[in-house]
Amino acid sequence: MNSAEQVPGIVRWTLRLENATVLDRPVQALEPSIRNVFGIGTRASVLRGEWLGHAVHPVLTDVVLGTWTSASLLDLFGGPDSSAAAQRLVGTGLLAAGPTAWTGWAEWSAAGPREKRVGLVHAVTNGVAIGLYAASLLARRRGRHAAGVRRALAGAVVSGAGAYLGGHLSAARKVGSHDRAYDDAPAG
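Here is what the cut-offs are and how they apply
Residues numbered from 1 in each chain as written. Predicted model: local features only at pLDDT ≥ 70, side-chain atom pairs only at ≥ 80, totals over all residues. Heavy atoms only, no water. Helix = DSSP H or I, 4+ residues; strand = E, 2+ residues; numbered from the N terminus. Expected span 1.5 Å × (residues − 1). Bend = angle between axes of the 7 residues up to and from the residue. Salt bridge = Lys/Arg side-chain N within 4 Å of Asp/Glu carboxyl O. Buried < 20%, exposed > 50% of the residue type's maximum accessible area, 1.4 Å probe, protein only. Axes fitted to C-alpha atoms, helices over the stretch in contact; angles between N-to-C directions. Parallel < 35°, antiparallel > 145°, perpendicular 65-115°, else oblique. Left-handed = near helix turned anticlockwise from the far one by under 90°. Contact = heavy atoms within 4.5 Å. Nonpolar A, V, L, I, M, F, W, Y, C, P; charged D, E, K, R; others polar. Core = buried A, V, L, I, M, F, W, Y, C linked by side-chain atoms within 4.5 Å.

Colleague: Could you clarify how one ought to interpret helix H5 (residues 83–109) in this entry?
Modeller: Since the α-helix packs 3.6 residues into each turn, any two residues three or four apart lie on the same face. Look at H5: 39 Å from first C-alpha to last across 27 residues, which is about the 39 Å you get at 1.5 Å a residue. Approximately 30° is the largest bend angle found in H5, and it occurs at Ala97, with the proline Pro99 only one to four residues beyond.

Here's what the structure looks like:
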């Protein structure tokens, strides 16, 4: 790489995260439980999307992020009449977050060490985002719409960071189940 081809700062940060061996201890502490609950047997096969031919996790993340993004758009541009719809969208995203996390843990259980390090930070980041959206829903239900909007917008920032890490895992590191037939298919 010549000097004109600078590696973007976020790429350098992500590569450092991949090699952050300080994360190995928490990864090793979580691995047995995650593997037992999400990583073996029929449950793991279903959660990884083997029945579909590819990972289910990215499909479900679209539901979560789509509903939360839609809520924020309504909050910012929909006016007061949109507050009930925004609240329902936040709640829908929270309902979808559980199954989305389960499919993510199933994929994580089959990943390599560097991917597990990034995946752990991805999961923790998403956990923080879920907490912010849950606080948003609670504030909205208590009639504190403006506080709910602020918490949702903070959740959007945090979930954006989590989405970046998830995109890195799926696009750059190819974490995600897929049918082997795709490996052997001729280019068309």
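Still to come is the rest of the account.
Colleague: Can you walk me through the pattern of salt bridges in this structure?
Modeller: Close approach of charged atoms allows side chains of opposite charge to pair. A full pass over the atoms with the stated rule returns 6 salt bridges. As a salt-bridge pair, Glu31 and Lys116 come within 2.4 Å of each other at their nearest N and O atoms. Note that Glu31 is positioned in helix H2 (residues 24–39) and Lys116 in helix H6 (residues 113–141), a separation of 85 residues in sequence. The pair formed by Glu31 and Lys116 is uniform in burial state, with each residue classed as buried.

Colleague: What's the story with the packing of helix H4 (residues 57–77) against H6 in this structure? I'm lost.
Modeller: A packed helix pair is summarised by two numbers, namely the angle formed by the two axes and the spacing between the axes. Two elements in contact, H4 and H6, have axes whose closest approach is 13 Å; the angle formed by their N-to-C orientations is 40°. It follows that H4 is oblique to H6 by the angle criterion. Viewed along their axes, H4 and H6 form a crossing whose handedness is left-handed. Residue-level inspection shows His57, Trp68, Ser72 and Asp75 of H4 in contact with H6, the latter providing His122, Ile130, Tyr133 and Arg140. For the contact of H4 with H6, the residue count by class is 3 nonpolar, 3 polar and 2 charged.

Colleague: Even after reading the chapter, I still don't get the packing of H2 against H6, so can you show me in this structure?
Modeller: Close contact between H2 and H6 brings their axes to 10 Å; oriented N to C, the two are set at 85°. It follows from the interaxial angle that H2 and H6 lie roughly perpendicular. For the pair H2 and H6, contact is made by Asp24, Pro26, Val27, Leu30 and Glu31 and by Lys116, Arg117 and Leu120, respectively. Here the residues of the contact of H2 with H6 sort into 4 nonpolar, no polar and 4 charged.

Colleague: Would you take a moment to explain the nonpolar core for this structure?
Modeller: Counting residues in hydrophobic clusters, the biggest one holds 14 residues, and the most contacted among them are Leu17, Leu23, Ile34, Phe38, Trp105, Trp108 and Val118. Looking at this core, the elements with two or more residues in it are H2, H5, H6 and helix H7 (145–172). In this structure Ile34 touches Gly39, Trp105, Trp108 and Ser109, once residues within four positions along its chain are discounted. Listed in part, the 10 residues of the second largest apolar core include Val64, Ala86, Val90 and Leu137.

Colleague: Help me out: how do you make sense of H6 in this one?
Modeller: Compared with the 42 Å implied by 1.5 Å per residue over 29 residues, the 42 Å span of H6 between its first and last C-alpha is a close match. In the stretch just after H6, Gly143 is the one whose phi turns positive, near 85°.

Colleague: What is the right way to read unusual backbone geometry from this model?
Modeller: Despite not being glycine, Lys174 has its phi angle at roughly 55°, a positive value. Tracing the chain through its elements places Lys174 in the loop between H7 and helix H8 (181–184).

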